[in-house]
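# A closer look at the structure
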Amino acid sequence: MKEIIKLALLNLKEHKSKTLIISMFILFGVAIVIMGNSFLESVNRGLEKDFRANVTGDIAVSVIPERGTSIDVFGINSTNITGELPQIPALTDLERVEEILAATDGIKKQTKLISSQILLAKGLEVDFSAFLDNDDLGVMDLPISMLFAGEDGTFWDMFPDLNLIEGTYPASGTNEIIVDTRVIAGFQKTYRDTLNVGDTVLMSSLGGVIREGKVVGIFKPANEYSAMFQSIYCEPALARSFADLTYASTFSQDLPDSVDLTISDMSEDDLFGDDDFFGDIEDGTSILGSTADFDSILGDTTLRDELNKTDDGAWQFVLAKLDNPYADKKLVRELNQKFRDEGLNARAMDWRLAALSYAGTVEGIGFIFNLLIIILAVVVFIIIMNTMVVSVIERTSEIGTMRAIGAEKKFVKRLFYSEAVILTSVSSVLGIIFAFIVMAIFNAFNISITNDIAKMILGGGLLHFSPTFAIIFATICVAIAGSVISNMYPVKSALRITPLKALSKE
């Protein structure tokens with residue numbers, strides 16, 4: 001084997017131009033693959049760290065989503081086209097879910113969460129003309145925010161990294177809120193007005209809920225490069241009104257078979273033909289009697305009023321922190337098995353599923369990038385194969401001479417494969433060194449982006465490379481395997497050459 005390696009090195013040295021061409025293809029191919037995967041690794045690490053530390057925890061538990069939908073802490077993603085805005089439902093088996101989590105080994109902390117989306121405005125109503133009159137305003141500039149509310153006492157204990165730069169946290173049982181600095185920037189750009197601590201604001205949801213709130217604090221995101229949508233924190237009671245967590249949302253009651261409507265017994269003339277109809281209204285009476293009779297039509301509204309109240313015990317998510325964050329997938333499987341065994345309407349998910357609205361985008365970018373890498377690899381292999389075929393043709397006499405002095409086909413095969421492995425290995429090492437130099441220079445500049453859409457697509461605003469041993473090892477293995485595969489056809493062609501044919505060509 002030592003002799004084959006020596007001969008392979010001599011052959012590579014003898015054919016310098018072809019060796020250089022092939023090595024450059026491999027070098028840059030390896031460098032591109034390592035840098036691309038290191039960038040994606042950095043994006044995934046940043047996204048994971050951001051969401052685990054600030055929003056989702058290590059594990060999140062919600063209700064089981066309906067067919068065609070998915071639930072994460074940012075809302076419901078649905079393929080079902082309906083006229084209604086879907087709301088995340090409350091956990092119906094909340095107490096039992098908490099008991100199971102508390103009894104599961106490896107879970108360190110747990111808390112509860114409510115989330116919804118709201119739009120901020122000042123004054124007596126939302127001024128939509130501000131959106132239409134400002135041509136420079138983009139969708140991401142609007143003061144639309146995620147509204148979060150956590151359980152008193154446990155939420156901030158689990159997520160302590162919020163950087164409150166002014167004011168105080170919301171007081172229990174109030175409509176006070178603390179807002180992200182990015183919310184203030186969006187407010188300024190949309191309404192051309194400032195938003196300060198002490199200001200009273202209107203909060204409205206896409207579902208038509210409007211509440212008045214007071215800004216009592218301003219905070220910076222724990223991660224200044226966060227890809228997460230701008231956010232607002234408040235007390236649970238306020239968040240429940242926007243999340244439709246009322247008693248009515250979980251209440252069901254059979255309706256009577258028939259309803260006695262006295263008005264249905266009246267003729268069309270009774271309803272619309274009386275000349276004194278409008279006069280009766282002015283007198284405070286009508287065909288239905290006095291205006292007080294309208295209340296009697298509705299009947300007893302006590303139940304309706306109670307059902308419209310927010311459910312003080314309703315929560316959409318239970319979040320958990322683990323002793324070992326890397327055991328999340330194992331614990332998710334364990335918890336889901338327990339939920340199924342007890343027939344609970346609950347599903348545990350890791351941080352990635354709990355933040356699917358963001359993580360899914362990054363996974364899509366990763367899929368596209370890997371597809372491009374595969375296309376690049378195929379092109380490089382074809383070029384290498386063609387180069388090796390030409391090399392074999394040019395080395396016909398050399399092969400014939402070796403066969404004539406007794407070299408077996410196995411010897412020739414080993415020689416060609418040895419050349420391929422040596423060339424690929426050396427080129428890959430040089431490609432790794434080149435990639436590390438480029439990544440170190442790029443990382444030193446700490447380049448960041450401010451565009452919100454780009455941050456969401458890339459999983460954060462900091463452009464960084466995070467190479468790992470797994471990336472480097474996998475790249476080298478793929479490069480060597482690809483080089484060997486690309487040499488199969490040239491080697492097969494070389495073995496067809498007989499000594500007599502090779503010597504006659506010379």
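Bear in mind the structure is a predicted one, so any value in this text is a computation, not a measurement.

### Quick look at the overall build of the protein chain
When helices and strands are tallied, the protein chain shows 19 helices and 14 strands. Counting every atom, the protein chain has about 27,400 Å² of accessible surface; 59% of that belongs to carbon and sulfur.

### Concerning unusual backbone geometry
The phi angle at Arg-192 is positive, at roughly 55 degrees, despite the residue not being glycine. For Arg-192, the location among the structural elements is in the loop between helix 6 (181-191) and strand 8 (200-204).

### Let's talk about the environment of Arg-395
Relative to the helices and strands, Arg-395 is located in the loop between helix 14 (356-394) and helix 15 (396-404). Once the C-alpha coordinates of Arg-395 and Asn-11 are considered, the two residues, 384 residues apart in sequence, prove to be 10.0 Å apart. Excluding residues that lie within four positions of it along the chain, Arg-395 makes contacts with Asn-11, His-15, Leu-415, Phe-416 and Glu-419.

### Let's talk about a nonpolar patch on the surface
On the surface, a cluster of nonpolar side chains totalling about 740 Å² of accessible area is made up of Val-426, Val-429, Leu-430, Ile-433, Ile-437, Ile-441, Phe-445 and Ile-447. Here Ile-441 is to be found in helix 16 (residues 409-444).

### Side note on the pattern of salt bridges
Per the counting criterion, the structure on display carries 13 salt bridges. For the salt bridge of Asp-58 with Arg-52, the shortest nitrogen-to-oxygen distance reads 2.8 Å. For Asp-58, a relative accessible area of 3% translates into the label buried. With a shortest N-O distance of 3.7 Å, Asp-157 and Lys-109 are connected by a salt bridge. With Asp-157 in helix 5 (residues 155-158) and Lys-109 in strand 4 (residues 107-121), this pair connects stretches of sequence that are 48 residues apart. The class of Lys-109 is partly exposed, set by a relative accessible area of 31%.

### With respect to the packing of aromatic side chains
Inspection of every chain in the model, using the stated rule, returns 16 aromatic pairs. Ring geometry for Phe-187 and Tyr-191: centres 4.7 Å apart, planes at 55 degrees, overall tilted. On the criterion of helical spacing, the pair formed by Phe-187 and Tyr-191 is a turn pair, its members being four residues apart in helix 6. In this structure, Phe-187 and Tyr-191 share a single accessibility class: buried. An aromatic cluster of three or more residues is present, and its members are Phe-51, Phe-74, Phe-148, Phe-155, Trp-156, Phe-159, Tyr-169, Phe-219, Tyr-233 and Tyr-358.

### Some details on the nonpolar core
Judged by nonpolar contacts, the single largest core of 108 residues is most densely connected at Phe-51, Val-61, Phe-74, Leu-120, Ile-177, Val-179 and Phe-339. Each residue touching Phe-339, except ones within four places of it in the same chain, is listed here: Val-61, Val-97, Ile-100, Leu-344, Ala-346, Arg-347 and Ala-348.

### Overview of the confidence of the model for the protein chain
Taken over all residues, the pLDDT of the protein chain has a mean of 79, while the share at 70 or more is 76%. Contacts for the low-pLDDT stretch residues 284-292, under 50 throughout, to residues beyond four places or in other chains number 15 contacts.

### Brief notes about the packing of helix 15 against helix 16
Their axes nearest at 10 Å, the elements helix 15 and helix 16 cross at an angle of 140 degrees. Overall, the two elements helix 15 and helix 16 adopt an arrangement that is oblique. For the pair helix 15 and helix 16, the sense of crossing is right-handed. Every residue of helix 16 that contacts helix 15 at Ile-399, Met-402 and Arg-403 is listed here: Lys-409, Phe-411, Val-412, Leu-415 and Phe-416. Here the residues of the contact of helix 15 with helix 16 are counted per class, giving six nonpolar, no polar and two charged.

### Comments concerning the side chain of Asp-180
In this structure, Asp-180 sits in strand 7 (residues 176-180). With a relative accessible area of 0%, Asp-180 lands in the buried category. One polar contact links Asp-180 to Thr-181, side chain to side chain, over a distance of 3.4 Å. Side-chain polar atoms of Asp-180 contact the side chain of Arg-182, separated by 2.7 Å. Not counting the four nearest positions on each side in its chain, Asp-180 is found in contact with Phe-219, Pro-221, Gln-230 and Ser-231.

### Side note on the pairing of strand 2 (residues 69-72)
Strand direction decides the pairing type here: strand 2 and strand 3 (residues 75-78), joined by four bridges, are antiparallel. Looking at the pairing, Ser-70 lines up with Asn-77 of strand 3. Connecting the antiparallel pair strand 2 and strand 3 is a turn made up of two residues.

### Details of the packing of helix 1 (residues 2-14) against helix 16
Helix 16 packs onto helix 1 with a crossing angle of 65 degrees between their chain directions and a minimal axis gap of 9 Å. The interaxial crossing formed by helix 1 with helix 16 has right-handed handedness. Across the interface between the two elements, Ile-4, Ile-5, Leu-7, Ala-8, Leu-9, Asn-11 and Leu-12 from helix 1 touch Phe-411, Arg-414, Leu-415, Ser-418, Glu-419, Ile-422 and Leu-423 from helix 16. For the contact of helix 1 with helix 16, the residue count by class is ten nonpolar, two polar and two charged.

Rules behind the numbers
Residues numbered from 1 in each chain as written. Predicted model: local features only at pLDDT ≥ 70, side-chain atom pairs only at ≥ 80, totals over all residues. Heavy atoms only, no water. Helix = DSSP H or I, 4+ residues; strand = E, 2+ residues; numbered from the N terminus. Areas by Shrake-Rupley, 256 points an atom, 1.4 Å probe, with all protein chains shown as cover. Contact = heavy atoms within 4.5 Å. Patch = residues over 30% accessible without salt bridge, like charges linked within 9 Å, V, L, I, M, F, W, Y side chains within 5 Å. Salt bridge = Lys/Arg side-chain N within 4 Å of Asp/Glu carboxyl O. Buried < 20%, exposed > 50% of the residue type's maximum accessible area, 1.4 Å probe, protein only. Phe/Tyr/Trp six-rings, centres within 6.5 Å; stacked < 30°, edge-to-face > 60°. Core = buried A, V, L, I, M, F, W, Y, C linked by side-chain atoms within 4.5 Å. pLDDT = per-residue confidence, 0-100. Axes fitted to C-alpha atoms, helices over the stretch in contact; angles between N-to-C directions. Parallel < 35°, antiparallel > 145°, perpendicular 65-115°, else oblique. Left-handed = near helix turned anticlockwise from the far one by under 90°. Nonpolar A, V, L, I, M, F, W, Y, C, P; charged D, E, K, R; others polar. Polar contact = N/O pair within 3.5 Å; in protein donor to acceptor, adjacent residues only side chain to side chain. Pairing = 2+ DSSP bridges.

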